[in-house]
Amino acid sequence: MLFAHRKKLELGVVVFELTDACNQACKFCYNHFKGEGVCTVEAPNYRLARRTLKRLLGEARIGSLSLSGGEPMLLPHIHDLVLRGRMAGSNVNVLTNGTLLTDDDIAIFNDLGVGTLQIPMLADSAEVHDSITQLPGSWLRATTAARKVAQTKAGWLTPVLILSRLNYGSIESTMRMYAEMGCSYIMVNRFNIGGLGKVYAEELTLTHDELRSAFRRVDAMAAELGMTIHSGVCTPMCLLDPKEYPHIMFTNCSTDLSSRPLTINYRGDVRFCNHSPRVLGNIYNESLRSIIERSASDGYFDSVPDSCVGCKLWQRCRGGCRAASEQMYGTFDRIDPVMSTTN
């Protein structure tokens with residue numbers, strides 16, 4: 001008897017969290033499991049991560065697979081997981097803090113065709129960067145690794161700048177450091193509260209006026225340096241109007257689970273995104289297709305926050321980062337908590 005094989009899911013982007021463990025305690029960290037200041041939840045488990053990735057790739061064709069954490073470089077044999085993703089036809093990216101990235105890692109990732117290496121460099125000074133990561137020496141290690149990545153292949157390094165009160169004064173000099181490294185594509189995100197960031201929110205959070213000013217300065221530097229800037233944290237458009245920052249590409253957060261980036265961790269838990277704490281299901285208990293179809297139809301993501309009712313920007317804005325609302329308020333029903341920041 002012949003059995004028909006169901007066609008694989010087609011997913012554009014998946015963030016695969018290889019481990020909860022991390023060697024840093026970044027004050028801005030949004031990982032939901034770090035809400036009480038815990039930064040090493042469970043030791044890296046390569047066998048489970050490998051088994052979960054195999055199951056995931058067996059169910060879905062993934063256009064872009066981003067290996068994240070925690071800190072993914074803590075996972076032994078991470079190169080084997082990159083190879084599995086590449087052999088399955090995925091573009092594989094590695095999101096790392098850079099402090100554990102060796103010359104051998106860089107060479108192997110290059111040989112395997114890793115698409116991009118994202119490394120946060122939070123300031124152009126060790127004092128500021130290390131005060132944010134809470135790991136002495138992290139700036140030197142991260143920038144040293146980043147320079148080697150940039151020198152290996154043009155466009156391979158994507159610097160990440162997380163805007164907060166702690167690095168507000170060094171935006172221009174930090175972006176010039178990226179340019180000096182030869183980088184032209186930069187990720188610039190605002191501090192988005194969640195996880196460990198809830199502990200340090202008062203220290204990190206910019207006022208609305210400061211946030212607009214910070215993005216105007218980023219936009220001006222992008223024009224001066226010829227950079228392409230991507231802002232990956234959804235922000236209510238009534239706070240940051242994309243039209244006012246022509247050199248910055250802003251992400252808008254779709255609630256269509258079939259087309260949005262999903263997050264899956266090494267245990268098989270599926271979440272709306274890497275900021276959301278809510279587990280939609282586990283691929284060891286049911287198929288990924290079933291999880292997506294069931295979650296898309298349960299109405300959880302359909303609500304409109306009271307302050308957004310009737311807003312002409314709603315279809316594009318969707319109330320900003322509602323996953324941050326889940327972390328702060330325990331519900332997806334409220335507008336992004338950035339709107340409660342002092343104006």
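So, here's what we can say about the structure. (Residues numbered from 1 in each chain as written. Predicted model: local features only at pLDDT ≥ 70, side-chain atom pairs only at ≥ 80, totals over all residues. Heavy atoms only, no water.)

## Some points on the side chain of Thr 99
The following threshold applies: In this text, helices come from DSSP runs of H or I with a minimum length of four residues, and strands from runs of E with a minimum of two, each type numbered from the N-terminal end. Counting of polar contacts relies on pairs of N or O atoms within 3.5 Å, with two restrictions inside protein: one atom must be capable of donating a hydrogen and the other of accepting it, and residues adjacent in sequence are counted only when both atoms are side-chain atoms.
With respect to the helices and strands, Thr 99 occurs in the loop between strand E3 (91-95) and helix H3 (103-112). Within the local environment of Thr 99, its side chain forms a polar contact with the side chain of Asn 97, the two groups lying 2.7 Å apart.

## Comments concerning the nonpolar core
Here is the rule we go by: Here, nonpolar core means buried Ala, Val, Leu, Ile, Met, Phe, Trp, Tyr and Cys residues that are tied together by side-chain atoms lying within 4.5 Å of each other. A simple rule labels every residue: compare its accessible area, found with a 1.4 Å probe on the protein chains alone, to the largest value its type can have, and call it buried under 20%, exposed over 50%, or partly exposed in between.
Membership of the largest hydrophobic core comes to 82 residues, with the highest contact counts inside it found for Leu 56, Phe 109, Leu 157, Tyr 178, Ile 229 and Leu 288. With 15 residues, the next largest nonpolar core counts Leu 122, Ala 123, Leu 196 and Ala 201 among its residues.

## Regarding the packing of aromatic side chains
To describe a pair of aromatic rings, you give the distance between the ring centres and the angle between the ring planes. Rules: Aromatic rings from Phe, Tyr and Trp, with only the six-membered ring used for Trp, were paired whenever their centres fell within 6.5 Å, and each pair was classed as stacked if the ring planes differed by under 30 degrees, edge-to-face if by over 60, and tilted otherwise.
For the structure on display, the rule yields 8 aromatic pairs. Geometrically, the ring pair formed by Tyr 245 and Phe 250 is tilted, given 5.9 Å between the ring centres and 55 degrees between the ring planes. On the basis of relative accessibility, which here comes to 1%, the residue Tyr 245 falls in the buried class. On the basis of relative accessible area, Phe 250 is assigned to the buried category, the value being 18%. With a centroid separation of 5.0 Å and an interplanar angle of 90 degrees, the aromatic rings of Phe 301 and Phe 332 are classed as edge-to-face. Of this pair, Phe 301 sits in the loop between helix H9 (288-296) and helix H10 (314-317) while Phe 332 sits in the segment after helix H11 (322-329), and the two are 31 residues apart along the sequence. Note on accessibility: Phe 301 and Phe 332 belong to one class, buried.

## Quick look at helix H8 (residues 208-225)
Inclusion rule: What a helix is expected to span follows from its residue count: subtract one and scale by 1.5 Å. We call two residues in contact whenever any of their non-hydrogen atoms come within 4.5 Å of each other.
Given a rise of 1.5 Å per residue, 18 residues ought to cover 26 Å, and the 26 Å separating the end C-alpha atoms of H8 matches this to within 8%. Of the residues making up H8, those classed as buried are His 208, Glu 210, Leu 211, Ser 213, Ala 214, Phe 215, Arg 217, Val 218, Asp 219, Met 221 and Ala 222. Contact partners of the buried residues in H8: strand E5 (157-163), helix H6 (171-180), strand E6 (185-190), strand E7 (228-231) and strand E8 (248-250). Positive backbone phi, at 70 degrees, marks Gly 226, one or two positions downstream of H8.

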